[in-house]
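Okay, here's what each chain looks like letter by letter:
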Amino acid sequence: MKLSENQKIFLRFIGIRAASFFISVLLKSVRIKFRNREAVEKLVGEKKNFVVAFWHGSMMLGWYLHRGINCAALVSKSKDGDVLAHILSKWNYKVVRGSSHIGGKEALDMMLDLTKQNFSLTITPDGPTGPIHKMKAGAVITAKKSKIPLLLLGIGIKNKIVLKSWDNFEIPKPFTKITATYSDPVYIDDSLSYDETSHIINDCELKLNQLQKESFEQC
C-alpha cells in the first residue's frame, strides 16, 4: 500500500509525539545530584541571562536541566531537528530553527539576537558534527560579544546506553544516578584579542572535560 503525503505527515507527527513522551517519562525517573548548582541559581534569581555549554553527547540531560527558565536553543531544520524542536517546545524553550548547514556567522548572529531578547542560551560547543569534546568558538564568542557569563556543565550518567555516533550520544537508563557539575561563571572581556580569546576557548575546553570526568566519578 502506498501512503499518501498526508498519511506520511500524520505518521511522522505521531512518531515525534511518541519520542517526546518517552524521553520526558524517562528523564523524570532519573535521580540527579547537582554540584555548584548555586552558580546558575544565582543568575536565574537575579534575572540575568547566560550561556551554558555542555557536550553534544550529553545534550538530552543538558537541555532537560534548563527547561522552564527562559532558555533558547538553536535546532537544525532536519528531520532529527523536528523531534528535538518538539521536545524543547514542551520544555518551554524558545526554539530557533536554522539550516542543518548553517554557517558559523549566521548561527552567531542568531544567538546574539536571542541574548538581546533576554534569553539564556544552551549550546553544545562540539556540535553539530564534532570532533567530539573539542570546543568550537561559538559559546565563548557569544558570551564575549553579548557581555553575559558562560557556565560550563559536566554531566555524568552512571548507567546508560552509548550510541555508535560521532558524539557517543548517551541515553540514561531508567532510575539511574546522574551528576551535573557547573563551573563558576566565566566572564569574558569583550576587548580581548583573537589570540587571547583562543586561549580562553582552550581553557574552557579543558575545564569542561574535567567537569565531565568529575561528574562521572561522582555518580
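Use the structure listed above.
Conventions and cut-offs
Just so you know, the residues in each chain are numbered from 1, in the order the chain's sequence is written. Thresholds applied to this predicted model are a pLDDT of at least 70 for local features of residues and 80 or more for the giving and counting of side-chain atom pairs; totals over whole chains, interfaces and linings are not thresholded and use all residues. Calculated side-chain values reflect all of the structure's heavy atoms, with hydrogen atoms and water omitted. Aromatic rings from Phe, Tyr and Trp, taking only the six-membered ring of Trp, are treated as a pair when their centres fall within 6.5 Å; an angle between ring planes under 30 degrees marks them as stacked, one over 60 as edge-to-face, and anything in between as tilted. Counting from the N terminus, the helices are the DSSP runs of H or I reaching at least four residues and the strands are the DSSP runs of E reaching at least two. Working definition: with a 1.4 Å probe on protein chains only, accessible area under 20% of the residue-type maximum means buried, over 50% means exposed, and in between means partly exposed. Whether a charge sits over a ring comes down to the Lys NZ or Arg CZ being within 6 Å of the ring centre and within 35 degrees of the ring normal. Paired strands, in this sense, are two strands between which DSSP finds at least two bridges. Here a residue-residue contact requires only that any non-hydrogen atoms of the pair lie within 4.5 Å. Put plainly, a pocket is an open set of points on a 1 Å grid over the protein atoms alone with protein on both sides within 12 Å along at least five of seven lines, a cavity is a set where a 1.4 Å probe fits but cannot get out, and a lining residue has an atom within 4 Å of a point. Grid points are joined across faces, edges and corners, and a volume is the space filled by probe spheres set on the points. Following the grouping adopted for this structure description, the nonpolar residues are Ala, Val, Leu, Ile, Met, Phe, Trp, Tyr, Cys and Pro, the charged ones are Asp, Glu, Lys and Arg, and the polar ones are all others, Gly among them. Definition of nonpolar core: a set of buried residues of the types Ala, Val, Leu, Ile, Met, Phe, Trp, Tyr and Cys, connected through side-chain atoms within 4.5 Å. In the analysis that follows, any N or O atom pair within 3.5 Å is treated as a polar contact, provided that within protein one partner can donate a hydrogen and the other can accept it, and provided that, for residues neighboring in sequence, both atoms belong to side chains.

Enquirer: What should I look at first to understand the packing of aromatic side chains in this one?
Expert: Geometrically, a pair of aromatic rings is defined through the distance of the ring centres and the angle of the planes. Counted according to the given criterion, the structure contains one aromatic pair. Here Tyr64 and Trp91 contribute two aromatic rings whose centre-to-centre distance is 5.3 Å and whose plane-to-plane angle is 70 degrees, an arrangement assigned as edge-to-face. Of the two residues, Tyr64 is situated in helix H3 (residues 59-64) and Trp91 in the loop between helix H4 (79-90) and strand E4 (94-98); the sequence distance between them amounts to 27 residues. Look at Tyr64 and you get buried, because its relative accessible area is 7%. Here the basic side chain of Arg37 rests over the ring of Phe34, its NZ or CZ set 3.9 Å away from the ring centre. The ring of Tyr64 has Arg67 lying over it, and the distance from NZ or CZ to the ring centre is 3.8 Å.

Enquirer: Explain the pairing of strand E5 (residues 120-123) to me, please; I cannot follow it from the model alone.
Expert: Side chains on a regular strand alternate between the two faces of the sheet. Burial along E5 is two-sided: Ser120 and Thr122 and Leu121 and Ile123, pointing in opposite directions, are all buried. Across three bridges, the pairing between strand E2 (residues 51-53) and E5 is parallel. Paired with Val51 across the two strands is Leu121, which belongs to E5. Pairing of strand E3 (residues 71-76) with E5 involves two bridges; the strand directions are parallel. Residue pairing in the sheet places Ala72 in a bridge with Leu121 of E5.

Enquirer: Explain the environment of Ile141 here, please?
Expert: By secondary structure assignment, the location of Ile141 is in helix H6 (residues 138-146). Judged by relative accessible area, which is 18%, Ile141 ranks as buried. Separated by 29 residues in the primary sequence, Ile141 and Leu112 place their C-alpha atoms 9.4 Å from one another. Once residues lying within four places of it in the same chain are set aside, the contact partners of Ile141 are Leu108 and Thr197.

Enquirer: How should I be thinking about the layout of surface pockets in this particular structure?
Expert: Space left empty within the atom packing is revealed by a probe, the size of a water molecule, rolled over the atoms. Volume-wise, the second largest pocket comes out at about 170 Å³. What lines the second largest pocket is Ala137, Ile141, Lys144, Lys145, Asp190, Tyr194, Thr197, Ser198 and Ile201. For the lining of the second largest pocket, the elements supplying multiple residues, two or more each, are H6 and helix H7 (194-217). The dominant element in the lining of the second largest pocket, judged by the number of residues it contributes, is H7, at four residues. A per-class count over the lining of the second largest pocket returns four nonpolar, two polar and three charged.

Enquirer: It is not clear to me how the nonpolar core should be interpreted in this structure. Could you clarify?
Expert: For soluble globular proteins, the rule of thumb is that nonpolar side chains tend to be buried together. Core analysis: the biggest nonpolar cluster contains 31 residues, and Trp63, Trp91 and Leu153 have the highest contact counts within it. Elements with a minimum of two residues in this core: helix H1 (5-29), helix H2 (38-45), H3, E3, H4, strand E6 (150-157) and strand E9 (177-182). Ignoring anything within four residues of it in the chain, the contact list for Trp91 reads Ile23, Ser24, Leu27, Met60, Trp63, Tyr64, Arg67 and Gly68. Ala139, Ala143, Leu152 and Ile201 belong to the second-largest nonpolar core, a separate cluster that totals 22 residues.

Enquirer: Help me out: how do you make sense of the side chain of Asn49 in this one?
Expert: Here Asn49 lies in the loop between H2 and E2. Among the polar contacts listed, one links the side chain of Asn49 to the backbone oxygen of Thr115, at a separation of 3.3 Å. One polar contact links the side chain of Asn49 to the main-chain carbonyl oxygen of Phe119, over a distance of 3.1 Å. Every residue in contact with Asn49, bar those within four places of it in the chain, is listed here: Thr115, Asn118, Phe119, Ser120, Ile148 and Pro149.

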